[in-house]
Structures are given as structure tokens and as C-alpha cells.
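Okay, here's what each chain looks like letter by letter:
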Amino acid sequence: MKIMVAIKRVVDYAVKIRVKPDKTGVETSNVKMSMNPFCEIALEEALRIRESGMASEVVAVSMGSAHCVDTLRTGLAMGADRAIHVETPGTLYPLSVAKILKALVDVEKPGLLVLGKQAIDDDCNQTGQMVAGLLDWPQGTFASKVVLDKEKNLATVEREVDGGLETLCLELPAVITTDLRLNQPRYATLPNIMKAKSKVLKKFTPEELNVQIKSDLEVVQVTEPPKRKDGVIVSSVDELIDKLKNEAHVI
């Protein structure tokens, strides 16, 4: 079985985000970029499945500017067998990403598509669900545990919900999105970083995949959240209750 993993290049989680002066978006020039943490977890899970003998190949996929190649090289250094880059200009929104992933699935024919449940830059949490809908595949979102049964061609996904844990049994092929508690991603070792340079990295354009990219969303303005007010010390419980009643809702 082949596993396809979607990975995204985002501003590193440790970087303090700055809004552009014209408020059209977040500043990314001269800012450290890295693989989305949820995508790292998705790739790690795919690698573990392959190492257990349940899969034969892991293909890492990313889309966006030419800089995404660096993120794909990181994925190859972690252990992915090969990579695919779909080069696109401008910002991609979840529906466009889902359409591109569907087209790649039609080309690659994987038995499992694994994604992070969301990206830390936009927090949309939509792509996995959308691509499952486009493919008409069963889906297991927010997976905290994944077990494959090769003989029955099934994937058992344990996921955290408000009431506790929910277990889903999915017939393969399927789409799985990963939660933080699924695993701890590995680091890319120096030998594997050197090996990654010789691994296959194929490039496509949306036109070659017969996918039309169009923006279905418009960003009007990006602003920083209001600064938090300083705390105050109250002298009594009555004063605390009064402030909670009359001031707690004021931003």
C-alpha cells in the first residue's frame, strides 16, 4: 500500500507573528519557516506504518511557491521515499488544496491519505474533510491512535471528542487527519539529510493536473488582537463579583 502525506510550509511556531503595515496579511519576509507541526505528526505516522510492514511507500506532497521544496526535503530527510511539489503562485485556500490533492490521488492511487488536522497559520481545519468529500472516501479526523488491518483492509481510528474517546472503523482507501497526541515526530539525522538530496522530487503545475485555481475567499484586513488589559487586585469577594458581572464582558 502507498501512503500519501500532505505537508505545508508555515511560519515557524516559535516566531512572533507580525502583521504587515498595510494589513494585507502576516509578514513572511526574512522570517523562519518550517513544516507545520501537525503535518510532521502525519508524516511520522505514515513512516511508522511503513516501518511496521503495513505500507510499501510514503509520498510527501506540498503545494505553493518554490520555497516549499525546502519543506519537502525535510520530509524526505525524515524518511519519505519521494516527494511531489505542485508549484502555485499566491495564497491557496482549503478548497483549492483539496482539489489538487484529489487530482494527485487520481495520479498516484494511494491506499491512505494522511494530513495534519489543521495548519497553525490559518487554523482552517477544512482540507482533510473537503478532500474526503471530493474523493468520496471515509474519513477519520483528529486521530489520536491509528491501527491498520491489512487482511481486512480496514483502518481503526481513535479520536478525542467532547464526551471522551470515539473509535471509527474505516474501509480503505481513507483520509485520516492527525491530532497532537498521535505521536512524537522524529528528527532528521545528518546522514538522512544527505540522502534526501538524491531522492526523487517531482513537480507539477495545477494546469497539468487539470485543476483550476481560483480564490473562493477574500481577506479584507488582517489586524493584531487587542492588547490585554492589566489585571487589578480586588479587596473583597463582593468587589470581585461586581467586576465579573459588569466588566468581564468588556474587551
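Keep in mind the model is a prediction, meaning the values are calculated, not measured.

Enquirer: What is the right way to look at the side chain of Thr178 in this model?
Expert: As for its position among the elements, Thr178 is in strand S10 (residues 174–178). Among the residues examined, Thr178 registers a relative accessible area of 0% and is labelled buried. Here the side chain of Thr178 touches Phe38 through a polar contact of 3.2 Å, landing on its backbone oxygen. Setting aside residues no more than four positions away along its own chain, Thr178 makes contact with Phe38, Ile41, Ala42, Val114, Leu115, Gly116, Lys117 and Ala143.

Enquirer: Mind showing me how you'd approach the environment of Asp22 here?
Expert: Mapped onto the fold, Asp22 is located in the loop between strand S2 (9–11) and strand S3 (33–35). Residue Asp22 is classed as exposed on the basis of its relative accessible area of 52%. In sequence terms Asp22 and Thr223 are 201 residues apart; their C-alpha atoms lie 9.7 Å from each other. One polar contact links Asp22 to Thr24, side chain to side chain, over a distance of 2.9 Å.

Enquirer: Just to check I follow, could you spell out a nonpolar patch on the surface for this structure?
Expert: There is a patch of nonpolar side chains on the surface, built from Leu190, Ile193 and Met194 and spanning about 300 Å² of accessible area. Locating Leu190 in the fold gives a position in helix H5 (residues 190–196).

Enquirer: I would appreciate a short explanation of the pairing of strand S9 (residues 164–171) in the present structure.
Expert: The two faces of the sheet receive side chains in turn, since in a regular strand these alternate between them. With eight bridges connecting them, strand S8 (residues 154–161) and S9 associate as antiparallel partners. Bridge pairing in S9 links Val157 to Leu168. Taking the residues that link successive antiparallel strands as the turn, the S8-S9 hairpin has two residues.

Enquirer: Honestly, the layout of surface pockets in this entry has me stumped. Any pointers?
Expert: Left-over empty space is what a probe sized like a water molecule reveals as it rolls over the atoms. Within this model, the largest pocket holds a volume of roughly 1400 Å³. Mapped by element, the contributors of at least two residues to the lining of the largest pocket are S2, strand S4 (57–64), helix H3 (94–108), strand S6 (112–116) and helix H4 (127–135). Residue contributions to the lining of the largest pocket peak at four residues, all from S4. Here the lining of the largest pocket is composed, by residue class, of 25 nonpolar, 17 polar and seven charged.

Conventions we followed
- Residues numbered from 1 in each chain as written.
- Predicted model: local features only at pLDDT ≥ 70, side-chain atom pairs only at ≥ 80, totals over all residues.
- Heavy atoms only, no water.
- Helix = DSSP H or I, 4+ residues; strand = E, 2+ residues; numbered from the N terminus.
- Buried < 20%, exposed > 50% of the residue type's maximum accessible area, 1.4 Å probe, protein only.
- Polar contact = N/O pair within 3.5 Å; in protein donor to acceptor, adjacent residues only side chain to side chain.
- Contact = heavy atoms within 4.5 Å.
- Patch = residues over 30% accessible without salt bridge, like charges linked within 9 Å, V, L, I, M, F, W, Y side chains within 5 Å.
- Areas by Shrake-Rupley, 256 points an atom, 1.4 Å probe, with all protein chains shown as cover.
- Salt bridge = Lys/Arg side-chain N within 4 Å of Asp/Glu carboxyl O.
- Pairing = 2+ DSSP bridges.
- 1 Å grid on protein atoms, 1.4 Å probe; cavity = no way out; pocket = protein on both sides within 12 Å on 5 of 7 lines; lining within 4 Å.
- Points joined across faces, edges and corners; volume = space filled by probe spheres on them.
- Nonpolar A, V, L, I, M, F, W, Y, C, P; charged D, E, K, R; others polar.

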